[in-house]
Amino acid sequence: QVQLVESGGRLVQPGDSLTLSCAASGLPFSEYGMAWFRQAPGKEREFVVGISANGEEKESADAVQGRFTISRDNAQNMVYLQMNSLKPEDTAIYYCAARETTGTLIFRGKIYYNYWGQGTQVTVSS
């Protein structure tokens, strides 16, 4: 059974950095594109960053471009989200998502993802 388990979310101050982790199990990890989505209260779940199955391609939403970076370790079945210069508007539940794909493809739509984690709360507040 596929499991995605996020960790690392917490309360931070504006301008701080934070790294989220997602541990994947039960799937051939290197054959899955991975992404981070987030959902703030009263808002739709939105794409944040994505990385291709082979790790060669990455995409970021405009709102986090230059501040957030996704990476993956296919040997450890892990994906990470490095968040810098955090803002109050980054406050949300962050979800890890997986989709079976090949090569360099990245999908931004949440409907394309087969598996989701339970989410981890990130709160940015002074």
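Residues numbered from 1 in each chain as written. Predicted model: local features only at pLDDT ≥ 70, side-chain atom pairs only at ≥ 80, totals over all residues. Heavy atoms only, no water.

*Asks:* Explanation requested: the packing of aromatic side chains in the structure shown.
*Replies:* For any pair of aromatic rings, the description consists of the separation of the ring centres together with the inter-plane angle of the planes. Going through the model one piece at a time under the given rule, you end up with six aromatic pairs. Between the aromatic rings of Tyr32 and Tyr115, the centroid separation amounts to 6.2 Å while the plane-to-plane angle is 45 degrees, which identifies the pairing as tilted. In this pair, Tyr32 is assigned in strand 4 (residues 32-39) and Tyr115 in strand 10 (residues 115-116), connecting sequence segments 83 residues apart. What makes Tyr115 partly exposed here is its relative accessible area of 31%. On the basis of an interplanar angle of 40 degrees and a centroid distance of 5.2 Å, the ring pair of Phe107 and Tyr112 is categorised as tilted. Three or more aromatic residues link up through ring pairs in this structure, and these residues are Phe37, Phe47, Tyr113 and Trp116. One cation-aromatic arrangement involves Arg45 over Trp116; the distance from NZ or CZ to the ring centre is 4.9 Å. (Phe/Tyr/Trp six-rings, centres within 6.5 Å; stacked < 30°, edge-to-face > 60°. Helix = DSSP H or I, 4+ residues; strand = E, 2+ residues; numbered from the N terminus. Buried < 20%, exposed > 50% of the residue type's maximum accessible area, 1.4 Å probe, protein only. Lys NZ or Arg CZ within 6 Å of the ring centre and 35° of its normal.)

*Asks:* I would appreciate a short explanation of the nonpolar core in the present structure.
*Replies:* General note: in soluble globular proteins, nonpolar side chains tend to be found buried as a group. Counting 36 residues, the largest nonpolar core has Met34, Trp36, Phe68, Val79, Met83 and Tyr94 as its most contacted members. If you list the elements that add at least two residues to this core, you get strand 3 (18-25), strand 4, strand 5 (46-51), strand 7 (68-73), strand 8 (78-83), strand 9 (92-100) and strand 11 (120-124). When neighbours within four sequence positions are excluded, Met34 is seen to be in contact with Leu4, Cys22, Phe29, Gly50, Ile51, Ile70, Arg72, Val79, Cys96, Ala97, Ala98 and Tyr113. (Core = buried A, V, L, I, M, F, W, Y, C linked by side-chain atoms within 4.5 Å. Contact = heavy atoms within 4.5 Å.)

*Asks:* When you look at the state of the cysteines in this model, what are you seeing that I'm missing?
*Replies:* With the rule as written, the count across this model stands at one disulfide. Through a disulfide, Cys22 is tied to Cys96; the S-S separation comes to 2.1 Å. Taking the sign of the S-S torsion, about -80 degrees here, the bridge from Cys22 to Cys96 comes out left-handed. Of this pair, Cys22 sits in strand 3 while Cys96 is found in strand 9, placing the two residues 74 residues apart along the sequence. (Disulfide = S-S within 2.5 Å.)

*Asks:* Is there a simple way to explain the side chain of Glu6 in this structure?
*Replies:* Inspection of the secondary structure assignment puts Glu6 in strand 1 (residues 3-7). Separated by 3.0 Å, the side chain of Glu6 and the backbone nitrogen of Gln118 make a polar contact. A distance of 2.9 Å separates the side chain of Glu6 from the backbone nitrogen of Gly119, its partner in a polar contact. In this structure, Glu6 is in contact with Ser21, Cys22, Trp36, Tyr94, Tyr95, Cys96, Gly117, Gln118, Gly119 and Thr120, ignoring residues within four places of it in sequence. (Polar contact = N/O pair within 3.5 Å; in protein donor to acceptor, adjacent residues only side chain to side chain.)

*Asks:* Honestly, the pairing of strand 7 in this entry has me stumped. Any pointers?
*Replies:* Within a regular beta strand, the side chains point alternately toward one face of the sheet and then the other, so they alternate between its two faces. Residues Phe68, Ile70 and Arg72 of strand 7 are buried on one face, while the alternating residues Thr69, Ser71 and Asp73, pointing to the opposite face, are not. Pairing between strand 7 and strand 8: six bridges, direction antiparallel. Bridge assignment links Ile70 to a residue of strand 8, and that residue is Leu81. (Pairing = 2+ DSSP bridges.)

*Asks:* Just to check I follow, could you spell out the sheet that holds strand 8 for this structure?
*Replies:* Hydrogen bonds along the backbone pair up the strands of a sheet, which may run parallel or antiparallel. Ordered in space as 1-3-8-7, the four strands form an open sheet in which the pairing is antiparallel. Of all strands in the sheet, those with a lone pairing partner are strand 1 and strand 7, marking the two edges. The mean angle between the axes of side-by-side strands here comes to 15 degrees, regardless of whether they run parallel or antiparallel. For strand 3 and strand 8, the ladder comprises six bridges, and the chain directions are antiparallel. (Axes fitted to C-alpha atoms, helices over the stretch in contact; angles between N-to-C directions.)

*Asks:* What exactly am I supposed to notice about unusual backbone geometry here?
*Replies:* Note on backbone geometry: most residues besides glycine have negative phi, and most peptide bonds are trans. Phi at Asn77 is positive, roughly 55 degrees, even though this residue is not glycine. With respect to the element layout, Asn77 can be found in the loop between strand 7 and strand 8. For Asn77, a relative accessible area of 23% corresponds to the partly exposed category. A positive phi angle, near 50 degrees, is found at Ser85, a position not held by glycine.

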